[in-house]
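Residues per chain are reported as follows:
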Amino acid sequence: VLLSLLNEERWNQNLSELGYAFLDGGINYRIDRHWTLGVNYRYMLLRNLDNEYNGRQTLYGDVAYSKGVKRLSFTLRARLQNAWYPLVLNETKQNSVLYNRDKLTLRYRVNYYFVPFINGEIFIPVNHPTHEKIDRYRAAAGFYYNFNDFFKAEVYYQVAHELNQSNKKTNYAIGLGCFYEL
């Protein structure tokens, strides 16, 4: 059983603007060498077009399969996620939406400390009132730096693109994250 705590920020506009920040905590259970189950809670702050930050809460569950061959490894993760939006009496009020998020990550372990990676993720709405197909995908490239067996950091560049929507957006972000596991 692993307890995890993650703090992450995603920066926009050439690192001059915080677009998204969150604190995430959870519990993961490793069934065997390959399979892991997890449940997490996340509190997020998202920047809106008025340069204000709106809070949002997310509860999600993961099932992941990992396999490694020498220095190369991959993880395939399925996630069910439900987000609750703030109780604000303005245009930011939204109903909660359940998503299936599937992600594939490829990693190459250069040494114990340095692990570059690439990943891709799709977002499939389960109960969205207007979206029935994949409505978002994102891809990232970056690296993990392991300080020790409990603490690691990640830096990555990410592109996220919306699909099957009337006002499609593409976001480019640099992410910084710190993980602590007990």
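Let us look at the structure shown here.

Definitions and cut-offs
- Residues numbered from 1 in each chain as written.
- Predicted model: local features only at pLDDT ≥ 70, side-chain atom pairs only at ≥ 80, totals over all residues.
- Heavy atoms only, no water.
- Salt bridge = Lys/Arg side-chain N within 4 Å of Asp/Glu carboxyl O.
- Helix = DSSP H or I, 4+ residues; strand = E, 2+ residues; numbered from the N terminus.
- Buried < 20%, exposed > 50% of the residue type's maximum accessible area, 1.4 Å probe, protein only.
- Contact = heavy atoms within 4.5 Å.
- Pairing = 2+ DSSP bridges.
- Axes fitted to C-alpha atoms, helices over the stretch in contact; angles between N-to-C directions.

Counted according to the given criterion, the structure contains 7 salt bridges. For Arg-42, the salt bridge identified is with Asp-24, shortest N-O distance 2.8 Å. Here Arg-42 is found in strand β3 (residues 35-47), whereas its partner Asp-24 is found in strand β2 (residues 17-30), with 18 residues between them in sequence. The class of Arg-42 is buried, set by a relative accessible area of 7%.

So, about the environment of Leu-80. By secondary structure assignment, the location of Leu-80 is in strand β5 (residues 72-84). Taking the C-alpha atoms as reference, Leu-80 lies 9.9 Å from Phe-123; in sequence the two are 43 residues apart. Apart from the residues within four sequence positions on either side, Leu-80 is in contact with Leu-59, Tyr-60, Gly-61, Tyr-99, Asn-100 and Val-126.

Moving on, we get to the pairing of strand β10 (residues 170-181). With 8 bridges joining them, strand β1 (residues 2-12) and β10 adopt antiparallel strand pairing. Note on β10: the bridge partner recorded for Trp-11 is Ile-174. Strand direction decides the pairing type here: strand β9 (residues 151-162) and β10, joined by 11 bridges, are antiparallel. Paired with Glu-154 across the strands is Gly-177, a residue of β10.

Once that is clear, we can look at the sheet that holds strand β7 (residues 114-125). In a beta sheet, neighbouring strands pair by backbone hydrogen bonds and run either parallel or antiparallel. Here 10 strands make up a closed barrel; going around it, the order is β1-β2-β3-β4-β5-β6-β7-β8-β9-β10 and the pairing antiparallel. Taken pair by pair, the neighbouring strands of this sheet meet at an average axis angle of 25 degrees, ignoring direction. Bridge count for β3 against strand β4 (residues 53-69) is 13 bridges, and the pairing is antiparallel. Pairing of Leu-37 across the sheet is with Val-63, part of β4.

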